[in-house]
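# Structure at a glance
Below, each chain spelled out in residue letters.
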Amino acid sequence: MSMGMRDTPGGPFVVTLVVDLPITKPDALEVIAFVSDGEVEHARTAYPRVGLAPHVWAEVAIPKFADPPPLAVDVCSDASLALARAHARRLAEALERVGWTIRDPRPGEA
């Protein structure tokens, strides 16, 4: 593992984007990688993610068994909340350009 890489999900600063879309976690990560010109890191592990910038990455949380969407795209940073927010806005705009609808989390969703 290289310096700065996490092998556990989450980070100290997180902004959640909510998407009401029936999509698998691997497919969602691939779309995020595509729109951010990145790649899926730690694919086929319990904690895959897409690097968005130094100290910023996106993770996908899918609903629990038999629950309907939404899925949560967590934009995490180990540097600052401002950095996570800036990249969450950029990612939301990119996902909307490919047809995803992003909304704010409702109480209890994030």
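This one's a predicted model, so the numbers in the text were calculated from it and none came from an experiment.

Contact pair helix α1 (residues 25-36) / helix α2 (residues 81-97): the axes reach a minimum separation of 9 Å and the direction vectors enclose 105 degrees. Compared by their axis directions, α1 and α2 come out roughly perpendicular. Every residue of α2 that contacts α1 at V31, I32 and V35 is listed here: L91, A94 and L95. Taken together, the residues of the contact of α1 with α2 break down into six nonpolar, no polar and no charged.

What follows concerns unusual backbone geometry. Phi is positive for D37, close to 55 degrees, though the residue is something other than glycine. Relative to the elements of secondary structure, D37 occurs in the loop between α1 and β2 (40-41).

Turning our attention to α2. For α2, spanning 17 residues, the distance from its first C-alpha to its last is 24 Å, which sits close to the expected 24 Å at 1.5 Å a residue. In this structure, the buried residues of α2 make contact with β1 (13-19), α1, β3 (49-53), β4 (56-61), β5 (71-77) and β6 (102-103). Two to three positions downstream of the cap, the backbone nitrogen of L83 sits 3.0 Å from a side-chain oxygen, assigning the N-cap of α2 to S80. At the C-terminal side of α2, G99 shows a positive phi close to 100 degrees.

Any two side chains of opposite charge can pair, on the condition that their charged atoms come close. In the structure shown here, the tally under the stated rule is two salt bridges. A salt bridge links R103 to D20, with the nearest nitrogen and oxygen atoms 2.7 Å apart. Linking R103 in strand β6 with D20 in the loop between β1 and α1, this pair joins segments that are 83 residues apart in sequence. For R103, a relative accessible area of 16% corresponds to the buried category. A salt bridge links R49 to E41; its shortest N-O distance comes to 3.2 Å.

What counts and how
- Numbering of residues starts from 1 in every chain and runs along the sequence as written.
- Local features in this predicted model are restricted to residues of pLDDT 70 or higher, and side-chain atom pairs are both shown and tallied only at a pLDDT of 80 or more, whereas totals for entire chains, interfaces and linings draw on every residue.
- Side-chain metrics in this entry use all non-hydrogen atoms of the structure; hydrogen atoms and water are not considered.
- Note on method: axes are straight lines fitted to C-alpha atoms, helices fitted across the in-contact stretch only, with angles between N-to-C directions ranging 0 to 180 degrees.
- Under the scheme used here, helices are H or I runs from DSSP no shorter than 4 residues and strands are E runs no shorter than 2 residues, and both carry numbers assigned from the N terminus.
- Should an angle fall under 35 degrees it is taken as roughly parallel, and over 145 as roughly antiparallel, whereas 65 to 115 is taken as roughly perpendicular and any remaining angle as oblique.
- Any two residues having at least one pair of non-hydrogen atoms within 4.5 Å are treated as being in contact.
- Note on residue classes: Ala, Val, Leu, Ile, Met, Phe, Trp, Tyr, Cys and Pro are nonpolar, Asp, Glu, Lys and Arg are charged, and everything else, Gly too, is polar.
- Helix span, expected: 1.5 Å multiplied by one less than the number of residues in the helix.
- Polar contacts, as used here, are pairs of N or O atoms within 3.5 Å; protein pairs need one atom able to donate a hydrogen and one able to accept it. Residues neighboring in sequence count only if both atoms are side-chain atoms.
- Throughout this description, the term salt bridge denotes a Lys or Arg side-chain nitrogen within 4 Å of a carboxyl oxygen of Asp or Glu.
- For every residue, the accessible area (1.4 Å probe, protein chains only) is compared with the maximum for its type, and the residue is labelled buried under 20%, exposed over 50%, or partly exposed between those bounds.

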